[in-house]
2 protein chains.
Amino acid sequence: MMLDEMVPVVKDLLEQRNFTELKALLKDVPPQDIALMLEELDEQSIPIVFRLLSKETAAETFVEMSTTAQQLLLNAFSDTELKAVFDEMFLDDTVDIIEEMPANVVKRIINQSDPQTRAVINEILKYPKDSAGSIMTIEYVSLKKTWTVKECFDRIRRDAVDKETIYTCYVTDEKRKLLGRITVKTLLLNSYETVIGDIMETNVISVETTADKEFVASQFSKYDLSAIPVVDMEDRIVGIVTVDDALDVMEDEATEDISKMAAVTPSDTPYLEQSIWQIWKNRVPWLLLLMISATFTGLIINYYEATLSSLSTLLFACVPMLMDTGGNAGSQASITIIRGLALDEIRLRDVGKILWKETRVSVLLALVLGITCFAKLQLIDRLLFKYDYTLMLSGVVSLALVATVIIAKVVGCLLPLLARKMKLDPAVVASPFITTIVDALSLIIYCNIALWVLS
Amino acid sequence: MMLDEMVPVVKDLLEQRNFTELKALLKDVPPQDIALMLEELDEQSIPIVFRLLSKETAAETFVEMSTTAQQLLLNAFSDTELKAVFDEMFLDDTVDIIEEMPANVVKRIINQSDPQTRAVINEILKYPKDSAGSIMTIEYVSLKKTWTVKECFDRIRRDAVDKETIYTCYVTDEKRKLLGRITVKTLLLNSYETVIGDIMETNVISVETTADKEFVASQFSKYDLSAIPVVDMEDRIVGIVTVDDALDVMEDEATEDISKMAAVTPSDTPYLEQSIWQIWKNRVPWLLLLMISATFTGLIINYYEATLSSLSTLLFACVPMLMDTGGNAGSQASITIIRGLALDEIRLRDVGKILWKETRVSVLLALVLGITCFAKLQLIDRLLFKYDYTLMLSGVVSLALVATVIIAKVVGCLLPLLARKMKLDPAVVASPFITTIVDALSLIIYCNIALWVLS
């Protein structure tokens, strides 16, 4: 049953207080959909429906819900209910939730968890935000290299229930040092007597606890992993990151880059959950910065104004078109490079190749645009609208356009590389900043060409 | 050993024709890194090194290489070598490669593959590009619901080698109809005698062969799947998509959206592999379109020019700043909405909420910007640079700025929603188009405010 069909049905059953049927209905719905459905109900109904879920489903559903809904439930929960839910959860999810919750709620959660879980939670909370340590789970299967396949399967059977993944197991020595990696597939393909020390993979790709989560995610897509071990400085395994978390990280990173490209400070909270103050806070500094830098184009215009208007006031009319086109040409180049850098398709040492590519492309583009612009001024503005755009005047505008496009492309491809070189995030120098720079440059070019040709 | 360290070492060993050591060196390198390393070698060396790889590694490496390098190798291959590589490959990878290759190469590949593989390849090639069918693999484990756990393990052991994933198996009837899903984890947790019909999950999330691959990927991140079955109209399972393919799709989709937001036609080929003609082709139509629409702002200016310059030529100087700020404010809103739609965080029915949010935010932003702009004109342009920006004049500019920002935000958040409503891709109406529209609007507002206040 589709979500949109489910909501009204659930509401009816709640009306009729027909909980037996409601319970039966929810039995076959994936937790992720239950979570979405709950968001559509009124505050009182959410706990009622939630209490109808099986222990396992309840936990999975809780993880999928929005922070606001989670908080609402946590307040409705008795301590025993709260404990029940969190005992079912995987530790990395618990930590994710704790990070979002206000202090008093966190306190309750921590109090309900048994001492060693509590210890681990505090451990994980210590890792820097966005680090591998902060997104890992400690629930992995670890094996000894002297064990036989049979012994391994016994261990896996014993641990399976509360491990996030059992398909990739890690072989460690008594000091928890990572020795190798073995998959259930390999185990299945070998006889019960085989000692895993002989069949395990020894060159294991791992990440350090402090590694950036974006880097961790990139390892997944590069090496097609289903899990990656997280090790400390002494190469001891402290946890694993699983592919489902990597997927989320990748999505978040793309969102972050896109926000930065639009001159917005990224935020983890979904748009609809952000307060208008948050949104305002994420946007205003950039808009201010860009506005102020843009105002200096005004000074350029004023500087040339007298001379230009003496030549022809029609020149002013073309300024916006020149600037927009320059801006667009620039962001086309910059965003291609930024994305290439993010996906590791482009390295700093390619700067030569890129510059040569962009220059040739920009010339080809500039010519097409210049000619079109010239024709348009002659046919539409001059013939149709009777503005006195002489051949000379149209020539000046088109010439300036050609120069602008070429410069925009060059600036657009160099700036992100420069940012990377300076260890800055290329995404933040994207279109808006390039537009501002290109605006100023194109104006100066335009005015000078005009002076040079017309006077 | 890091890639950058490896390349010179490999080159040396090639120099010395010391293939035994080179072979030993490559033994422990992941295929993905070998692929990257090969790209750094000269054309003659690539086949030499490639031939030193074990059958399995060779296949995995080949899959990871760039189309150009793959073609180079295919031409160097004898038919037997070619067969060896492709026999080791998973079918979905084979198909991906075939889709990129010129006809003559494809012919060779098809000829080398055994009849039933050939049949399957042709089957898959029939599915529309970007559909679930086109990215699926047929190499999954299917079980019968009457089997015991023991029987299942026997089957899995038998098939494991050439299945892409064995951890999620699918239970089907004699007509290949999808009945349920069972994981190796569940199998491990149950006794050998258990009949899987009793323990399998029956509500399986699946996609149709024709489903868009972007949708398929979204299912993975939503339901934390490691594989998803692909079914035909009669709900018969025809293949599966595995999470590693989903990861790639997600990356590609993000890249596509980002390109569209920068007014570039998306391309699957990495930037450095694109010819300047491809790049030109992907950029020129948008630049032209945007330039032409931008030129109409010129007509607006010309229309008001006479009256404006009679009031004060200083007014022209502020036009670029007004437009840039409007454009930036607009794209901040539009890109937030576009991403929200892409991630399914925003639905069409939220339009009311969004509009209300954006209006309030825009007012807050507009005020800050307006005041700052006023101050800047008074302090810098007037006092510092001695341009005659009277209080009245500065007021006009700031007032226009306030109006522009508010309108930009409203247009910026509504346009993507409108696009979605009209079943268009919201990404293509992103910043550049919104900038152009906002430019025109802000100009008209500006000029009218000026006329109204100053005359």
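It should be emphasised that the depicted structure is a prediction, and the values quoted were computed from it without experimental measurement.

Visitor: Just give me the short version of the overall build of chain A, but keep the residues and values in it.
Guide: A count of helical and extended segments in chain A gives 22 helices and 6 strands. In terms of overall size, chain A is more extended than a compact globule, its C-alpha atoms giving a radius of gyration of 30 Å where 455 residues would be expected to give roughly 23 Å. Projected onto its principal axes, the C-alpha positions of chain A cover 90 × 65 × 40 Å. Relative to its full complement of 455 residues, chain A shows a buried share of 55%. Counted over contacts in chain A with a minimum sequence separation of 6, partners at least 24 positions apart contribute 66%. As presented, chain A carries roughly 19200 Å² of accessible surface, and 60% of it is formed by carbon and sulfur atoms.

Visitor: Residues and numbers for the side chain of A:Ser113, please.
Guide: All names here are of chain A. Positionally, serine 113 belongs in the loop between helix H9 (103-112) and helix H10 (115-126). Classification of serine 113 by relative accessible area gives buried; the value is 10%. Among the polar contacts listed, one links the side chain of serine 113 to the backbone oxygen of isoleucine 110, at a separation of 2.7 Å. Excluding residues that lie within four positions of it along the chain, serine 113 makes contacts with Arg118 and Ile121.

Visitor: With reference to specific residues and values, describe the relation of the copies chain A and chain B.
Guide: For these two chains of identical sequence, chain A goes onto chain B by a turn of 180° and a shift of 0.0 Å along the axis, with RMSD 0.1 Å. On the angle and the small slide along the axis, the relation comes out as a two-fold axis. Both copies contact each other with a shared surface, as 100% of the interface residues of chain A are interface residues in chain B too.

Visitor: Mind laying out a negative patch on the surface, listing which residues take part and the relevant values?
Guide: On the surface, a cluster of negative charge is contributed by A:Glu39, A:Glu56, A:Glu60, A:Glu64, A:Asp96, A:Glu99, A:Glu100, A:Asp248, A:Asp252, A:Glu273, B:Asp224 and B:Glu345. When residues of the negative patch are traced back to their parent elements, those giving at least two are helix H5 (55-64), helix H8 (91-100) and helix H16 (243-261) of chain A. Here A:Glu64 shows up in helix H5.

Visitor: Just give me the short version of the nonpolar core, but keep the residues and values in it.
Guide: Within soluble globular proteins, side chains that are nonpolar tend to cluster in buried spots. Counting residues in each nonpolar core, the largest one holds 106 residues, and the members touching the most others are A:Ile337, A:Leu401, A:Tyr446, B:Ile337, B:Leu401 and B:Tyr446. Beyond its immediate stretch of four places on either side in the chain, A:Tyr446 contacts A:Leu315, A:Cys318, A:Val319, A:Leu322, A:Val396, A:Val397 and A:Ala400. By size, the runner-up hydrophobic cluster in this structure holds 44 residues, among which are A:Leu13, A:Leu41, A:Leu73 and A:Leu74.

Visitor: Mind laying out the sheet that holds strand E2 (residues 168-172) of chain A, listing which residues take part and the relevant values?
Guide: Taken in spatial order, the 3 strands of this open sheet run E1-E2-E3 (chain A), and their pairing is mixed. One side of each edge strand has no neighbouring strand; the edge strands of this open sheet are strand E1 (142-143) and strand E3 (178-183) of chain A.

Visitor: Describe the packing of helix H1 (residues 3-15) of chain B against helix H3 (residues 31-40) of chain B, with residues and values.
Guide: Pairs of packed helices are described in terms of their axes, by the angle between the two and the distance that separates them. Residues and elements named next belong to chain B. The contact between H1 and H3 brings their axes to 10 Å, and the two run at 55°. Judged on the interaxial angle alone, H3 and H1 are oblique. In the crossing of H1 with H3, the sense of the turn from one axis to the other is right-handed. Between H1, through Leu3, Met6, Val7, Val10 and Lys11, and H3, the contact on the second element is made entirely by Asp33, Leu36, Met37 and Glu40.

Visitor: Explain the interface of chain A and chain B to me, using residue names and the numbers behind them.
Guide: How big an interface is tends to be expressed through the accessible area that disappears when the partners come together. Taken residue by residue, the interface counts 116 residues in chain A and 116 residues in chain B. Overall, the association of chain A and chain B removes approximately 10800 Å² of surface from exposure, summing both partners, and the carbon and sulfur fraction of that is 67%. On the chain A side of the interface with chain B, the three residues burying the most area are A:Leu188, A:Tyr271 and A:Leu287, jointly 7% of the side's total. Our count for the chain A to chain B interface comes out at 6 salt bridges. When the shortest N-O distance is used, the salt bridge between B:Glu358 and A:Arg283 registers 2.9 Å. Connecting chain A to chain B are 32 residue pairs in polar contact (both at pLDDT 80 or more). Here the side of chain A that touches chain B gets 21 residues from one element, more than from any other, and that element is helix H17 (residues 276-311) of chain A. Of the residues that constitute the side of chain A that touches chain B, the class distribution is 69 nonpolar, 18 polar and 29 charged.

Visitor: So, the confidence of the model for chain A: which residues are in play, and what are the values?
Guide: Predicted confidence across chain A gives a mean pLDDT of 85, with 99% of residues reaching 70 or more. As scored by the predictor, the complex reaches a pTM of 0.76 and an ipTM of 0.74.

Visitor: Lay out the environment of B:Phe433 with the relevant residues and their values.
Guide: Residues and elements named next belong to chain B. With respect to the helices and strands, phenylalanine 433 occurs in helix H21 (residues 431-454). Once the C-alpha coordinates of phenylalanine 433 and glutamate 88 are considered, the two residues, 345 residues apart in sequence, prove to be 48 Å apart. Excluding its chain neighbours within four sequence positions, the residues that come into contact with phenylalanine 433 are Trp286, Leu289, Leu290 and Val428.

Visitor: Describe the sheet that holds strand E5 (residues 227-231) of chain B, naming the residues involved and giving the relevant values.
Guide: The strands that make up a sheet are held in pairs by hydrogen bonds between backbone atoms, and each pair lies either parallel or antiparallel. Residues and elements named next belong to chain B. Here 3 strands make up an open sheet; going across it, the order is E4-E5-E6 and the pairing mixed. Of all the strands in the sheet, the pair left with one neighbour each is strand E4 (207-208) and strand E6 (237-242). Of the pairings in the sheet, the one linking E5 to E6 comprises 5 bridges and is antiparallel in character. The residue bridging alanine 227 from the neighbouring strand is threonine 242, located in E6. Running over the sheet, helix H14 (residues 213-223) touches E4, E5 and E6 and is turned about 140° from E5.

Visitor: Pulling in residues and values, what's your account of the packing of aromatic side chains?
Guide: Evaluated as defined, the whole model comprises 17 aromatic pairs over all chains. Ring geometry for A:Tyr140 against A:Tyr170: centres 6.5 Å apart, planes inclined by 75°, an arrangement best described as edge-to-face. On the criterion of sequence distance, the pair formed by A:Tyr140 in the loop between helix H11 (132-135) and E1 and A:Tyr170 in strand E2 is long-range, its members being 30 residues apart. The exposure class assigned to A:Tyr170 is buried, which follows from its relative accessible area of 0%. Measuring from centroid to centroid gives 4.9 Å for A:Tyr303 and A:Tyr304, while their planes differ by 85°, and the two rings are edge-to-face. Looking at A:Tyr304, the relative accessible area reads 10%, which means it is buried. One aromatic cluster is present, built from ring pairs that chain together A:Phe50, A:Phe62, A:Phe77 and A:Phe86. The cationic tip of B:Lys150 hangs over the ring face of B:Tyr192; the distance from NZ or CZ to the ring centre is 6.0 Å. Here the basic side chain of B:Lys357 rests over the ring of A:Tyr271, its NZ or CZ set 5.9 Å away from the ring centre.

Visitor: Outline the pairing of strand E5 (residues 227-231) of chain A, supporting the account with residue identities and numerical values.
Guide: For a regular strand, side-chain orientation follows a simple rule: the groups alternate between the two sheet faces. All names here are of chain A. Here E5 lies mainly inside the structure; 5 of its 5 residues are buried. Burial along E5 is two-sided: the residues Ala227, Pro229 and Val231 and Ile228 and Val230 are all buried. When strand E4 (residues 207-208) meets E5, the two strands line up parallel, connected through 2 bridges. Counterpart to valine 207 in the pairing with E5 is valine 230. Connecting E5 to the next strand, strand E6 (residues 237-242), in antiparallel fashion are 5 residues, including aspartate 235 with a positive phi near 60°.

Visitor: Let's hear about the pattern of salt bridges: which residues, and what values?
Guide: Under the counting rule described, the total for this entry stands at 41 salt bridges over all chains. For A:Arg51, the salt bridge is made with A:Glu81, and the minimal N-O distance between the two is 2.3 Å. Note that A:Arg51 is positioned in helix H4 (residues 45-51) and A:Glu81 in helix H7 (residues 79-88), a separation of 30 residues in sequence. Salt-bridge contacts for B:Lys213 lead to B:Asp130; the nearest nitrogen and oxygen are separated by 3.2 Å. Here B:Lys213, found in helix H14, pairs with B:Asp130, found in the loop between helix H10 (115-126) and helix H11 (132-135); they are 83 residues apart in sequence, far enough to count as distant. Classification of B:Lys213 as buried rests on a relative accessible area of 12%. It is possible to trace a salt-bridge network through shared partners that takes in A:Lys129, A:Asp130 and A:Lys213.

Visitor: Residue-level account of the environment of B:Met291, with values.
Guide: Topologically, B:Met291 is positioned in helix H16 (residues 276-311). Placed 96 residues apart in sequence, B:Met291 and B:Tyr387 show a C-alpha to C-alpha distance of 32 Å. When near neighbours in sequence (up to four residues on either side) are disregarded, B:Met291 contacts A:Met321, A:Thr325, A:Leu369, A:Thr372, A:Cys373 and A:Leu401.

Rules used throughout
- Residues numbered from 1 in each chain as written.
- Chains lettered and ligands numbered in written order.
- Predicted model: local features only at pLDDT ≥ 70, side-chain atom pairs only at ≥ 80, totals over all residues.
- Heavy atoms only, no water.
- Helix = DSSP H or I, 4+ residues; strand = E, 2+ residues; numbered from the N terminus.
- Rg over C-alpha atoms; globule rule 2.2 N^0.38 Å.
- Buried < 20%, exposed > 50% of the residue type's maximum accessible area, 1.4 Å probe, protein only.
- Contact = heavy atoms within 4.5 Å.
- Areas by Shrake-Rupley, 256 points an atom, 1.4 Å probe, with all protein chains shown as cover.
- Polar contact = N/O pair within 3.5 Å; in protein donor to acceptor, adjacent residues only side chain to side chain.
- Least-squares fit on C-alpha atoms with pLDDT ≥ 70 in both.
- Patch = residues over 30% accessible without salt bridge, like charges linked within 9 Å, V, L, I, M, F, W, Y side chains within 5 Å.
- Salt bridge = Lys/Arg side-chain N within 4 Å of Asp/Glu carboxyl O.
- Lys, Arg positive; Asp, Glu negative; His and termini not counted.
- Charge placed at Lys NZ, Arg CZ, Asp CG, Glu CD.
- Core = buried A, V, L, I, M, F, W, Y, C linked by side-chain atoms within 4.5 Å.
- Pairing = 2+ DSSP bridges.
- Axes fitted to C-alpha atoms, helices over the stretch in contact; angles between N-to-C directions.
- Parallel < 35°, antiparallel > 145°, perpendicular 65-115°, else oblique.
- Left-handed = near helix turned anticlockwise from the far one by under 90°.
- Buried area = accessible area lost by both parts, 1.4 Å probe.
- Nonpolar A, V, L, I, M, F, W, Y, C, P; charged D, E, K, R; others polar.
- pLDDT = per-residue confidence, 0-100.
- Phe/Tyr/Trp six-rings, centres within 6.5 Å; stacked < 30°, edge-to-face > 60°.
- Lys NZ or Arg CZ within 6 Å of the ring centre and 35° of its normal.

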